[in-house]
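Close look at the chain arrangement
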Number of protein chains: 2
Amino acid sequence: MRLPSFSALLVAASSIAFAQSADDAAMVRKIYSEILTSSPAYEQLRVLTTEHGGRLAGSKALEGAVLWGERELNAMGLDRVWKQDVMVPHWERGAKESVRILPSKGKARPLSALALGGTLATPTRGITAEVIEVKSLAEVANLGREKIAGKIVFYNRPMDPTFIQTMQAYGAAGDQRRAGPSEAAKYGAVAVVIRSLTLALDDYPHTGSTAYSPGLNTVPAAALSTIGANALSEALAADPKLKLEIKINAKWHPDAPSHNVIGEIRGSEFPDQIIVVGGHLDSWDVAPGAHDDGSGIVQSLEVLRAFKALGIKPRHTLRAVLFTNEENGTRGAAAYSSYAKEAGEKHVFAVETDSGGFAPRGFTLGSTQGDAHERAARWLPLFEPYGIHMLQKGGGGADVAPLLLQGSTVANLVPDGQRYFDVHHTAADSIDKVNKRELELGAAALAALIYLIDSQGL
Amino acid sequence: MRLPSFSALLVAASSIAFAQSADDAAMVRKIYSEILTSSPAYEQLRVLTTEHGGRLAGSKALEGAVLWGERELNAMGLDRVWKQDVMVPHWERGAKESVRILPSKGKARPLSALALGGTLATPTRGITAEVIEVKSLAEVANLGREKIAGKIVFYNRPMDPTFIQTMQAYGAAGDQRRAGPSEAAKYGAVAVVIRSLTLALDDYPHTGSTAYSPGLNTVPAAALSTIGANALSEALAADPKLKLEIKINAKWHPDAPSHNVIGEIRGSEFPDQIIVVGGHLDSWDVAPGAHDDGSGIVQSLEVLRAFKALGIKPRHTLRAVLFTNEENGTRGAAAYSSYAKEAGEKHVFAVETDSGGFAPRGFTLGSTQGDAHERAARWLPLFEPYGIHMLQKGGGGADVAPLLLQGSTVANLVPDGQRYFDVHHTAADSIDKVNKRELELGAAALAALIYLIDSQGL
C-alpha cells in the first residue's frame with residue numbers, strides 16, 4: 001500500500017471541514033425550523049406581560065412572575081430547576097405624580113410625566129419654582145449656584161437621531177437621567193425634570209433609574225414626554241418667569257426578598273462547565289415589559305425547549321437564568337455571579353438577551369482571553385441566510401457582565417433597535433409591540449450560537 | 001529627476017482610492033444625517049394614508065393622491081414635474097361581502113372575509129354549496145370534476161413559516177390566490193375561498209389580485225382571515241356536509257383615466273441619461289396603504305429632497321416616478337416604459353421601493369449586462385455602518401422590471417420583511433405600523449446608492 005499524499009490529506013481534511021460545516025448548517029436549519037413552527041414563546045410572553053405586568057423589584061407582581069418562571073421551567077422536564085434568594089431594593093411610585101406649568105398669567109397646564117425610578121418624594125403640596133432649561137450637566141456646572149439655586153432644572157437635550165444604533169443615542173443622552181438630579185442638587189436646584197429618553201415625538205413619558213443612595217445629595221425628579229418637553233421649552237421662551245409645579249409621592253422601603261429562577265440541562269461531557277442564556281424578569285412598575293425584558297425571558301426558555309425538542313444533548317451544562325432586579329439594582333446579577341464563584345462553577349459562555357424582541361442582527365462578544373468575536377466570526381457564513389451579519393466586540397449586558405471577571409466569555413444578542421426606545425420604560429411596552437416571528441428569530445439565533453459553542457468550543 | 005517607481009505609483013493610486021472612499025463615506029454620512037434629522041417623509045405619509053386611503057385604480061381617492069403627489073413634487077423646486085396619462089382597470093368591491101358557515105344543524109356563523117381583487121360577483125342571493133378543503137392547485141386537478149363540481153373549493157395551504165424571507169413564503173403560497181379560482185372553475189367549482197396570505201394568526205382578511213380577463217373561466221372568490229380559515233377547517237372536520245354561503249357584490253367597469261406622477265432634477269453632465277427611484281401610488285380599496293406602498297412613495301420623494309437639501313447636483317437626470325396601478329394591472333409601469341422607449345430616453349438605473357417602510361437590509365440588483373450586484377459589492381463597506389449587508393441578484397419590482405429590457409440596471413430596496421405580511425392588503429396597513437426612523441433609513445439607503453451610482457457609475 002502507499003501512504004496518502006500530502007495533497008490527498010489536504011483534500012481529506014477539507015472534506016471533513018466541509019462535511020462538518022454542512023452538518024452545522026443542517027443543525028442550524030433544524031433549530032430555526034423547530035422554533036419558527038413550534039415555539040410557545042409568544043404565548044408565554046402574553047401570559048407574562050398581561051398577568052404579571054409592572055413587575056418592579058419588591059412588588060407582588062415580580063414574585064408572581066418568579067413563580068410563573070419556575071412553573072414554566074418545571075414543565076419543560078429539565079434536569080434541575082431552582083430559585084436563588086436575592087434581597088432587592090424596594091422603591092414605590094405611590095399615588096400618581098403630576099407636573100404642571102403655572103404661567104405668569106392664565107391657567108395651569110398639565111404635562112405628561114413620570115417620576116424617575118428611585119427619586120425622592122416632594123412635599124405633599126409639591127415643589128413650585130421657576131425653571132432653567134439646560135442641554136447638559138456641564139451647562140449646570142457652568143451656570144453655577146447663582147443661576148441654579150432655588151430653581152427647577154429642565155434637562156432638554158434630545159437623543160441624537162444621527163446615531164444609527166439607537167442604543168448609542170441612549171447612552172449619549174442618558175447622563176441627564178442618571179446623574180442630572182444629583183448634579184443639579186450640587187448647585188442648589190430644588191427639583192429636576194428631564195426630556196424622556198426616546199427618539200419618538202409622542203406623549204408617553206419614559207421612566208428609568210436615577211442615581212440614589214442614602215447619603216446622596218439629590219432632588220426629586222420626573223421625566224416629561226417629548227411632547228411635554230417641547231411644550232415646556234416653548235412656554236419658557238414665551239414666558240421665562242413661568243413656574244413649574246411638581247408633585248411626587250414616591251417612597252423607599254427596606255430591601256425585599258426576590259429570586260433568580262434557574263433551570264438547566266445537565267452537560268453530557270462537561271457537566272461542571274456551564275453555558276448560560278438569560279434575561280431579566282423584572283420590569284418598570286408602569287410597564288408590561290414586553291420588549292424589556294419579557295422577550296429575553298421567553299427567548300431564554302425557548303433555547304432550552306428547542307434543545308430538548310430536537311434531542312440535542314449539550315456537552316456542557318446549559319442553563320437558563322431568569323435574573324431579578326436588572327432595572328434598579330442588578331442585585332440578581334450580583335447574587336448569581338457570587339453563587340457561581342462560591343460554588344466553584346466554571347462558566348464558559350454566558351449570553352444575555354435584553355435589547356428587545358426585534359429581528360436579530362448579530363451579537364457582541366467579549367472575553368478576557370483575546371477577541372472572542374473574531375473567533376466566532378468563522379460561523380458567520382452559517383448565520384448569513386438568517387439575516388445575522390454582525391459580530392462585534394462588546395462586554396455583555398448588565399446581568400452577565402460579572403461572569404466576565406470569572407473567565408467566562410460573555411455576549412449580547414443584538415436585535416434591530418430602531419423601535420426599542422419608542423416603548424422603553426413606558427406603559428406602551430406591551431405585547432402588541434412584539435412581532436411573533438421577530439421574537440422567534442432572536443431565540444433561534446441564540447440557540448444556534450449556543451449549539452455551535454457547545455459542540456465546538458469558541 | 002527620476003520617474004516614480006512602480007510601487008510609488010501603486011501607493012499613489014491606492015491613496016487616491018482611499019481618498020475617494022473617505023469622500024464617499026463622508027457623503028453617505030451626510031445623506032443619512034440630513035434624512036434622519038430633517039425628513040418630512042413620515043408627515044407626508046400621514047397625509048397620504050389618512051387623506052387618500054383606499055386608493056385603488058379607478059377610484060377618486062387615487063386621483064386625489066395623484067394631485068397630492070404632483071403638489072408635493074412641485075413644492076420641491078425641481079426642474080420638471082409632470083403627469084403621464086394612463087388608462088387603468090376599474091374594479092369595485094361594491095357593498096360589503098359576506099361569508100357564512102351554514103352548519104347541518106344550528107345557526108349560521110359569519111367569517112371575516114374580503115372578496116379578492118378582480119373577482120366576479122355572486123348572484124344577489126349568494127352562492128351556497130358544500131365545501132371541499134384542499135392544500136394546492138394540484139390537489140384540485142387530482143380530485144377532478146367528480147369531487148369538485150358543484151362545490152366551493154377552500155384553499156387552505158398556509159404560508160410556510162420556515163422561510164426566513166417572508167417574501168419567499170408569500171411567493172410559494174400565492175398561486176392559491178392568483179390562479180386558485182380559475183383552476184377550480186375548470187373542474188366545475190361554483191366558488192372559491194382562500195386562506196389569507198399572512199404568517200399571522202388573526203382576524204384580518206387579506207385581499208389581493210386574482211386572475212381575471214373577459215374570457216377567463218373563473219368563479220367568485222374571497223379570502224378568509226387565518227382565524228376564519230382555521231374555524232372553517234375545524235368545522236368541516238366535525239361536520240363535512242356543512243355549507244358555505246358567499247355573497248360578493250363586485251363589479252367591473254370600463255377602464256378609467258389615471259396618471260403616473262413624475263418629477264426630475266436635470267443631470268449636470270448626462271441630462272439624457274436617467275436614474276429612476278419609484279414606488280406606487282395606488283393601494284387596495286380597503287387599505288390605507290402605509291407600507292404598501294405609501295412608504296415607497298414618500299421615500300422616493302425624500303431621495304430628491306435630500307439631493308436638493310445637500311446641494312448634490314446629479315450628473316445624470318434623477319427622477320422620482322410615482323407609478324399608478326401596481327396592484328391590479330401594472331398599467332403605470334407599462335405606460336412609463338413605453339414612454340421611455342418612444343422618447344428614446346436611456347435609463348441607466350431604476351430602483352423600486354415596494355416592500356414596506358421597514359429597516360433596510362440591502363438591495364437586489366439585476367442587469368442584462370452581467371452581474372450588477374457583484375459590481376455594486378465594492379460599496380458594501382460604505383453601507384455596513386448603516387446595517388446594510390445584502391446585495392443579491394434580482395430582477396427589480398413590478399414597476400421597474402420593464403426598464404430592464406431597455407438596458408437599464410434595475411434594483412429593489414430590501415427591508416426587513418418579518419412584519420410585512422401582518423398588514424399586507426388589509427385595513428391594518430396604516431401609519432401606526434410604520435416607524436419613522438425605519439422609513440427614513442430606507443430613504444437614506446436609496447439616496448446613498450443612487451449617489452454612488454450617479455457619481456461613479458455601476
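In the block above lies the structure referred to throughout.
As a starting point, this report considers the structure included with it. Residue positions are given per chain, counting from 1 as you read along its sequence in written order. The lettering of chains begins at A and the numbering of ligands begins at 1, in the order of writing. The predicted nature of this model means local features are confined to residues of pLDDT at least 70 and side-chain atom pairs, given and counted, to a pLDDT of 80 or more, with totals for whole chains, interfaces and linings taken over all residues. Heavy atoms from the whole structure form the basis of all side-chain values; hydrogens and water molecules are not counted.

1. Re the overall build of chain A
By definition, any uninterrupted DSSP run of H or I lasting at least four residues is a helix, any uninterrupted run of E lasting at least two residues is a strand, and each is numbered from the N terminus. Along the backbone of chain A there are 15 helices and 16 strands. The C-alpha radius of gyration computed for chain A amounts to 24 Å, which stays within 12% of the reference 23 Å derived for 458 residues, consistent with globular compactness. Along the longest, intermediate and shortest principal axes, the C-alpha atoms of chain A span 105 × 45 × 40 Å. For the exposure calls, accessible area comes from a 1.4 Å probe over protein chains only, and a residue counts as buried if that area is under 20% of its type's maximum, exposed if over 50%, partly exposed in between. For chain A, buried positions account for 59% of its 458 residues. Pairs at least 24 residues apart make up 82% of the contacts formed inside chain A by residues separated by at least 6 positions. Accessible surface, chain A as shown: approximately 17,600 Å² in total, 55% of it carbon and sulfur. Only four residue types enter the charge count, namely Lys and Arg as positive and Asp and Glu as negative; His and the chain termini do not. Lysine's charge is taken at NZ, arginine's at CZ, aspartate's at CG and glutamate's at CD. Each charge class in chain A was averaged separately, 46 positive and 50 negative side chains, and the resulting centres sit 3 Å apart. The globule rule used here is 2.2 Å times the number of residues to the 0.38 power, and the radius of gyration it is set against is calculated over C-alpha atoms. By the convention used here, residues are in contact when the closest approach between their heavy atoms is within 4.5 Å. Working definition of accessibility: Shrake-Rupley area with a 1.4 Å probe, residue cover restricted to the visible protein chains.

2. Quick notes on the interface of chain A and chain B
Counting from both sides, the interface comprises 26 residues of chain A and, opposite them, 26 residues of chain B. Contact with chain B buries area across many residues of chain A, yet A:Ile164, A:Arg361 and A:Arg437 alone supply 29% of it, more than any other trio. By definition, a salt bridge exists where a carboxyl oxygen of Asp or Glu is found within 4 Å of a side-chain nitrogen of Lys or Arg. As a salt-bridge pair, B:Arg419 and A:Glu438 come within 3.0 Å of each other at their nearest N and O atoms. Counting only elements with at least two residues in the side of chain A that touches chain B, the list comes to helix H1 (6–38), strand S14 (360–366) and helix H15 (436–456) of chain A. Looking at which element gives the most residues to the side of chain A that touches chain B, the answer is H1(A), with 5 residues. The classification used treats Ala, Val, Leu, Ile, Met, Phe, Trp, Tyr, Cys and Pro as nonpolar, Asp, Glu, Lys and Arg as charged, and all other residues, Gly among them, as polar. Taken together, the residues of the side of chain A that touches chain B sort by class into 11 nonpolar, 8 polar and 7 charged. Summed over both partners, the accessible area lost on bringing two parts together, with a 1.4 Å probe, is the buried area.

3. Some thoughts on the pattern of salt bridges
This structure, assessed with the given rule, holds 44 salt bridges over all chains. Its salt-bridge partner being A:Glu264, residue A:Arg319 comes within 2.9 Å of it at the nearest N-O pair. Of this pair, A:Arg319 sits in strand S12 (residues 316–323) while A:Glu264 sits in strand S10 (residues 251–265), and the two are 55 residues apart along the sequence. Take A:Arg319 and A:Glu264: they sit in the same class, and that class is buried. In this structure, B:Glu34 and B:Arg305 form a salt bridge, with 2.9 Å as the shortest nitrogen-oxygen distance. In this pair, B:Glu34 sits in helix H1 (residues 6–38) while B:Arg305 sits in helix H9 (residues 290–309), placing the two residues 271 residues apart along the sequence. A relative accessible area of 15% means that B:Glu34 is categorised as buried. For B:Arg305, a relative accessible area of 17% gives the class buried. The network of salt bridges with common partners includes A:Arg93, A:Lys96, A:Glu97 and A:Asp285.

4. Brief notes about the relation of the copies chain A and chain B
Laying chain A over chain B is done by rotating through 180° and shifting 0.0 Å along the axis; what remains is an RMSD of 0.0 Å. Between the two chains, the operation in question is that of a two-fold axis. Nearest to the rotation axis, the C-alpha of A:His389 is located 3.5 Å from it, this being the minimum over chain A. A shared binding surface is used by both copies, with 100% of the interface residues of chain A retained as interface residues in chain B. Alignment of the copies relies on least squares applied to C-alpha atoms, considering only residues that score at least 70 for pLDDT in both.

5. A closer look at the environment of A:Phe307
Residue and element names in this part refer to chain A. For Phe 307, the location among the structural elements is in helix H9 (residues 290–309). Taking the C-alpha atoms as reference points, Phe 307 and Ala 173, 134 residues apart in sequence, are found 40 Å from one another. The residues touching Phe 307, leaving out its near neighbours within four places in the chain, are Ile 265, Ile 312, Pro 314, Leu 318, Ala 447, Ile 450 and Tyr 451.

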